[in-house]
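# Topology and contacts: notes
Each chain, letter by letter, is given below.
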Amino acid sequence: ELVGPIDSSDEWIRQRTGIVTRVRAVAETDAIDLATAAAAEYNAKQSEADALVADQNRKSAMQTAALAAEDKRRENRRLISSIRAGYGGSGLTMEGSPLDVLADSATEAELDAQRIEYEGLASARDAAMGVMSAERSGNLSRMEASGARATRWLGAGSSLLSAGGRALSRTA
């Protein structure tokens with residue numbers, strides 16, 4: 001042999017390679033079969049983490065929009081109050097055109113606040129789509145891992161049956 005056994009422990013291997021789980025496989029098992037299952041499991045876990053981040057982004061977008069809309073409404077109330085005070089100081093009565101201007105200004109101000117809320121909901125919807133996509137990706141990766149494990153078990157079973165068949169034919 002070119003390489004002899006390495007004097008190591010489970011912790012030594014874990015610290016230096018990041019390998020947590022080791023598997024003994026039958027001789028016919030290719031390393032790619034083991035790697036495929038491991039990669040699919042890793043991808044599933046990563047997708048779960050991505051789904052959590054996307055959900056946090058969704059919640060953050062909704063909270064940010066609600067706060068921004070409330071700030072806009074507060075700013076608009078101050079503006080309307082300032083306009084009213086200006087009208088009152090100038091001696092204008094609150095009938096006719098000045099009242100129409102105030103009503104129109106208040107309506108426009110509320111539309112601004114609603115637009116901010118809508119943009120937040122649209123952003124939250126996009127984040128929710130990210131959650132669903134990450135969850136689907138995770139499910140697909142789990143299925144790939146399951147398929148790779150099943151392939152490995154079937155290969156091992158086939159090897160055992162072949163070896164048993166050869167042993168029986170030798171004794172017969």
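Calculation criteria
- Within any chain, residue numbers begin from 1 and follow the written order of that chain's sequence.
- This being a predicted model, a pLDDT of at least 70 is required before a residue's local features are given, and a value of 80 or more before pairs of side-chain atoms are given or counted; all residues contribute to the totals for chains, interfaces and linings.
- As a rule here, side-chain values cover all heavy atoms of the structure and leave hydrogens and water aside.
- In this text, helices come from DSSP runs of H or I with a minimum length of four residues, and strands from runs of E with a minimum of two, each type numbered from the N-terminal end.
- Atoms considered for the radius of gyration are the C-alpha atoms alone. The globule rule reads 2.2 Å times the number of residues to the power 0.38.
- Remark: exposure states derive from per-residue accessible area (1.4 Å probe, protein chains only) relative to the maximum for the residue type, with buried under 20%, exposed over 50%, and partly exposed in between.
- The contact definition used throughout considers only heavy atoms, calling two residues in contact when any of these lie within 4.5 Å.
- All accessibility values rest on the Shrake-Rupley procedure with a 1.4 Å probe; residue burial counts only the protein chains present in the view.
- Inter-axis angles, ranging from 0 to 180 degrees, are taken between N-to-C directions of lines fitted to C-alpha atoms, where helices are fitted over the stretch in contact.
- Our angle categories are set so that under 35 degrees counts as roughly parallel, over 145 as roughly antiparallel, 65 to 115 as roughly perpendicular, and the remainder as oblique.
- When residues are sorted by character, Ala, Val, Leu, Ile, Met, Phe, Trp, Tyr, Cys and Pro go into the nonpolar class, Asp, Glu, Lys and Arg into the charged class, and all the rest, Gly among them, into the polar class.
- The term salt bridge refers to a side-chain nitrogen of Lys or Arg lying within 4 Å of a carboxyl oxygen of Asp or Glu.
- The pLDDT value expresses, per residue, how confident the predictor is, ranging between 0 and 100.

Glancing now at the overall build of the chain. For the chain, the helix and strand inventory stands at three helices and zero strands. Seen in sequence order, the chain has helices and strands lined up from the N terminus as α-α-α. Taking 172 residues into account, the globule formula puts the C-alpha radius of gyration at 16 Å, and the chain, at 34 Å, lies well above it. Projecting the C-alpha coordinates of the chain onto the three principal axes gives extents of approximately 115 × 40 × 20 Å. The 172 residues of the chain split such that 20% are buried. Nonlocal contacts in the chain, meaning residues at least 24 apart in sequence, comprise 76% of its contacts between residues at least 6 apart. Carbon and sulfur atoms make up 57% of the accessible area of the chain, which amounts to about 12,600 Å² in all.

Contact geometry of helix H2 (residues 31-90) with helix H3 (residues 97-171) gives a least axis separation of 7 Å together with a crossing angle of 175°. On the basis of the axis angle, H2 is roughly antiparallel to H3. The class makeup of the residues in the contact of H2 with H3 is 29 nonpolar, 13 polar and 17 charged.

Let us now look at the pattern of salt bridges. Where side chains of opposite charge bring their charged atoms close, a pairing between them can arise. Scanning the model with the defined rule gives 11 salt bridges in all. Where Asp55 meets Arg58, a salt bridge forms, and the shortest distance between an N and an O atom there is 2.9 Å. You can see Asp55 and its partner Arg58 sitting in helix H2, three residues apart, about one turn around the helix. Of the charged contacts in the structure, one is a salt bridge between Asp126 and Arg125, with a shortest N-O distance of 3.6 Å. The exposure class assigned to Arg125 is partly exposed, which follows from its relative accessible area of 48%. Each of Asp55, Arg58 and Lys59 takes part in a single network of salt bridges with overlapping partners.

Below, the discussion takes up the side chain of Arg73. Position of Arg73 among the secondary structure elements: in helix H2. A residue is classified by how much of its surface remains accessible, and Arg73, at 18% relative accessible area, is buried. Arg73 has contacts with Glu110, Ala113, Gln114 and Glu117, leaving out every residue within four places of it along the chain.

What follows covers the environment of Ala39. Relative to the assigned elements, Ala39 resides in helix H2. For Ala39, a relative accessible area of 37% corresponds to the partly exposed category. Remark: the alpha-carbon pair of Ala39 and Gly89, spanning 50 residues in sequence, is separated by 74 Å.

This part is about the environment of Gln63. Among the secondary structure elements, Gln63 is positioned in helix H2. For Gln63, a relative accessible area of 54% translates into the label exposed. Once the C-alpha coordinates of Gln63 and Arg16 are considered, the two residues, 47 residues apart in sequence, prove to be 43 Å apart.

What follows is about the confidence of the model for the chain. As a general rule, the predicted coordinates of low-pLDDT regions are not to be interpreted in detail. Chain-level statistics for the chain give a pLDDT mean of 81 and a share of 92% at 70 or above. The least confident element of the chain is helix H1 (residues 10-17), whose mean pLDDT is 80; the most confident is H2, at 85.

Inspection of the secondary structure puts Ile32 in helix H2. Its relative accessible area of 56% is what places Ile32 among the exposed residues. Between the alpha carbons of Ile32 and Ala148 there is a distance of 9.6 Å; along the sequence they are 116 residues apart.

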